[in-house]
Amino acid sequence: MLQYDMEFDPAADTPVTSPQHAEVDSSPTSYAADDEVYVFDDEEVVLAVNVALKTGRPLLLFGPPGSGKSSLAPNVARILGWDYHSHVVTARTEPEDLLWRFDALRRLNDAQARQLHDDIWHYYTKGPLWRAFEQSGGQRSVVLIDEIDKADPDLPNSLLGPLGSLSFALPWNLDEDQEAQDAVVSVCQERAPLVVVTTNDERELPKPFLRRCIVVELDAPDKEHLLKVAASHLGDRYDPDLAGLVADYLIGVRGSLHDVAGGPSTAEYLDALKASQQLGVTPGTSEWKALEKVTLRKRRDGAETAP
C-alpha cells in the first residue's frame, strides 16, 4: 500500500450492508446502486484522487466504456461527505452549459403573456460549476463532467479559465446599485470542488487542457475486480461460484472481440449475474445461452460463437 498523507481514503468507506435489504430479497431494488459502492482496488486511482485534491487540478479519467469512470465521482463524494453535481456532455453541449443555461423560450413565453420579469437572472439556471462554486449549503462538492470528448474541442479549453481562477463572471449586466464583486461567482482554494472529467478517448483532447489535469487510465475489469464488485453490490446475496462463472463468460466474450475494449462492461456483468440469480438460470445451460445473448453479447462483432 502506498504511504502518503491522504485526504481521500476509501478505507474509511462504510459499505452498504445487506440487513436493510433482507426484507425485500425478491426485489431487484435490494441490490446496492452504483453510487452506493465502488471498489477502489487500484492504488494509482486512489493516489490520483488525492493528488487532484491537493493540487486543485481536475481529475481526467481515461478508460474503455464500462470501466467505472462515471461511477467514481459520486462515490468519492459519498465517502468524503461532499455534495455531488454532474453534467453529461453531448455533441450539443455548449461551454456555458457547465456554468449556466439561459431559458430563452421561457422568457419569450413570459413576454407574450405580459408576465416578463424585470430581473434577467430569473431566466438563468445554474450549472454544475456554478452550484459547486456557490456552496449555498456550506459544503464542498465533487463535480462530474462526463464524456467530455463528445463535445466540440472548444469546450475543454473553455474550462481552463473558471477552473484555473476558481471564478467566472455573471452572464448578465449589473444593476447600477450593485457592487463589482457581485458580478463574479468564485470560491476560495480551500473550498474548491473536486472536478472529475471522463473521456472514452473518441476524440483527442486539447493539449493545454491535458497539461492542467491529473490524468489516470482505468483498465477493463479483470475477474478479480469483477468478483469484488459483485460482492460489494450483492451483499448477503453474493454467491462466489455463480459470480465466478458469469465472470468467466464475460471474459470469454471479451476475448473473442477484435476490440477488447468494446467488451461487456461491469454493469452488464452485474445485469447478467443478477438475472442468473433471480431467474435460476445456470451458466452453461440452453437458458443461459439466451440470457448471455441479451446481457453480455448484444450483437458484438466477433462474439457470435459461444466460448
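Residues numbered from 1 in each chain as written. Predicted model: local features only at pLDDT ≥ 70, side-chain atom pairs only at ≥ 80, totals over all residues. Heavy atoms only, no water.

Caption draft 1: Summary view of the pattern of salt bridges. In the structure shown here, the tally under the stated rule is 12 salt bridges. Two residues, Arg101 and Asp97, come together in a salt bridge whose shortest N-O distance is 3.5 Å. Look at Arg101 and you get partly exposed, because its relative accessible area is 48%. A salt bridge links Glu224 to Lys228; the nearest nitrogen and oxygen atoms lie 3.6 Å apart. In this pair, Glu224 and Lys228 are both assigned in helix α8 (residues 223-234), 4 residues apart and thus about one turn of the helix distant. Overall, Glu224 belongs to the exposed group, its relative accessible area being 51%. The network of salt bridges with shared partners includes Asp41, Glu224 and Lys228. (Salt bridge = Lys/Arg side-chain N within 4 Å of Asp/Glu carboxyl O. Buried < 20%, exposed > 50% of the residue type's maximum accessible area, 1.4 Å probe, protein only. Helix = DSSP H or I, 4+ residues; strand = E, 2+ residues; numbered from the N terminus.)

Caption draft 2: Structural detail: the sheet that holds strand β8 (residues 194-198). Taken in spatial order, the 5 strands make up an open sheet running β2-β5-β8-β1-β9, and their pairing is parallel. The strands lining the two open edges of the sheet, one partner per strand, are β2 (83-88) and β9 (214-217). Strand after strand, the sheet turns through a mean of 20° between neighbouring axes, direction not considered. By the bridge criterion, 4 bridges tie strand β1 (residues 59-62) to β9 in an arrangement that is parallel. Across the sheet, residue Phe62 finds its bridge partner in β9, namely Glu217. (Pairing = 2+ DSSP bridges. Axes fitted to C-alpha atoms, helices over the stretch in contact; angles between N-to-C directions.)

Caption draft 3: Structural detail: helix α9 (residues 240-255). Over its 16 residues, α9 runs 22 Å from end to end, which matches the ideal 22 Å to within 8%, given 1.5 Å per residue. What α9 keeps buried is the set Leu242, Ala243, Gly244, Val246, Ala247, Tyr249, Leu250, Val253 and Arg254. Packing partners of the buried residues in α9 comprise α8, α10 (266-279) and α11 (286-297). Put simply, Asp239 is the residue that caps the front of α9, since its side-chain oxygen is 3.0 Å from the backbone nitrogen of Asp241. (Expected span 1.5 Å × (residues − 1). Contact = heavy atoms within 4.5 Å. Polar contact = N/O pair within 3.5 Å; in protein donor to acceptor, adjacent residues only side chain to side chain.)

Caption draft 4: Expanded view of a negative patch on the surface. Taken together, the side chains of Asp42, Glu43, Glu44, Asp201, Glu217, Asp219 and Asp222 present a region of like negative charge at the surface. Residue position: Asp201 is located in the loop between β8 and α7 (207-211). When its relative accessible area of 51% is taken as the criterion, Asp201 is described as exposed. (Patch = residues over 30% accessible without salt bridge, like charges linked within 9 Å, V, L, I, M, F, W, Y side chains within 5 Å. Areas by Shrake-Rupley, 256 points an atom, 1.4 Å probe, with all protein chains shown as cover. Lys, Arg positive; Asp, Glu negative; His and termini not counted. Charge placed at Lys NZ, Arg CZ, Asp CG, Glu CD.)

Caption draft 5: Broad picture of unusual backbone geometry. Phi at Glu147 takes a positive value of approximately 60°, unusual for a residue other than glycine. Mapped onto the elements of the fold, Glu147 is located in the loop between β5 (141-146) and α5 (154-158). Overall, the relative accessible area of 22% leaves Glu147 in the partly exposed class. For Asp201, which is not a glycine, the phi torsion comes out positive at approximately 60°.

Shape descriptors only; they carry no functional weight alone.
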